[in-house]
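Spelled out from the first residue to the last, the chains are:
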Amino acid sequence: MNGLIIRNPYVDWILAGKKTWEIRGRQTHVRGKIALIRGGSGLVVGTCELVNVIGPLTLRELRRNAGKLARRKSEIRSLPYRTTYAWVVKNSRRLKRPRPYEHPSGAVIWVRLSRV
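Position labels on residues start from 1 in each chain and follow its written sequence. With pLDDT at 70 or above as the cut-off, local features in this predicted model cover only qualifying residues; side-chain atom pairs require 80 or more to be listed or tallied, and sums for whole chains, interfaces and linings still use all residues. The basis for every side-chain value is the complete set of heavy atoms in the structure, and neither hydrogens nor water enter the calculation.

**Regarding the packing of aromatic side chains**
Put simply, the rule is: The criterion for an aromatic pair is that two Phe, Tyr or Trp rings (for Trp, the six-membered ring) have centres within 6.5 Å, with stacked assigned to planes under 30 degrees apart, edge-to-face to planes over 60 apart and tilted to the rest. Helix numbers and strand numbers start at the N terminus; a helix is a DSSP run of H or I with at least 4 residues, a strand a run of E with at least 2. The rule is simple: take the accessible area with a 1.4 Å probe, protein chains only, and divide by the maximum for that residue type; under 20% is buried, over 50% is exposed, in between is partly exposed. A ring is scored as having a charge over it whenever the NZ atom of a lysine or the CZ atom of an arginine sits within 6 Å of its centre and within 35 degrees of its normal.
A full pass over the atoms with the stated rule returns 2 aromatic pairs. Geometrically, the ring pair formed by Tyr10 and Trp13 is edge-to-face, given 5.4 Å between the ring centres and 90° between the ring planes. Placement of the pair is Tyr10 and Trp13 together in helix 1 (residues 10-15), with a separation of 3 residues, close to one helical turn. The partly exposed category is assigned to Tyr10, whose relative accessible area is 26%. Taken together, a centroid distance of 5.7 Å and an interplanar angle of 15° make the contact between Trp87 and Trp110 stacked. Placement of the pair is Trp87 in strand 5 (residues 85-100) and Trp110 in strand 6 (residues 110-112), with a sequence separation of 23 residues. The exposure class assigned to Trp87 is buried, which follows from its relative accessible area of 2%. When the ring centre of Trp87 is taken as origin, the NZ or CZ atom of Arg24, which lies over that ring, is 5.5 Å away.

The following block contains the structure:
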């Protein structure tokens, strides 16, 4: 299973169902169930389904969808990346007990996990 590294508070917003778009600077071909890793913690904290990638987005499109980022339109003043994509997630589920994992050297976005 692939684990996606996401910093706080964003991973918690996804697990709470408040955030359904994870904004990234590139596309991904990964789809299906993925693990959610809280950046810097060494812990897998939940799972979700990665169902689509939308983009590249314009600033107008990003603002129009601010609610999917758990933000208000007024909080979005610029694109976070030169080419900005929304990775669409659904069916997030927090693990009852976060699980440690081995973080490979150099992993920044994805980690290949043996189990969750």
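**Here's the deal with the sheet that holds strand 5**
In a beta sheet, neighbouring strands pair by backbone hydrogen bonds and run either parallel or antiparallel. Quick reminder of the rule: Pairing between strands is defined by DSSP: at least two bridges between the two strands are required. For helices, the fitted axis covers only the stretch in contact; all axes are lines through C-alpha atoms, and the angles between them, taken along N-to-C directions, range from 0 to 180 degrees.
Judged by pairing direction, the sheet is mixed, and its 6 strands sit side by side in the order 2-5-4-3-1-6 without closing on themselves. Each of the sheet's edge strands pairs with one partner strand only, and the pair in question is strand 2 (21-24) and strand 6. On average, each strand axis in the sheet is inclined to that of its neighbour by 40°, with strand direction left out of account. The pairing of strand 1 (residues 2-6) with strand 6 spans 3 bridges and is classified as antiparallel. Note that in strand 6 the partner of Leu4 across the bridge is Trp110.

On their own, these measurements won't tell you what the molecule is for.
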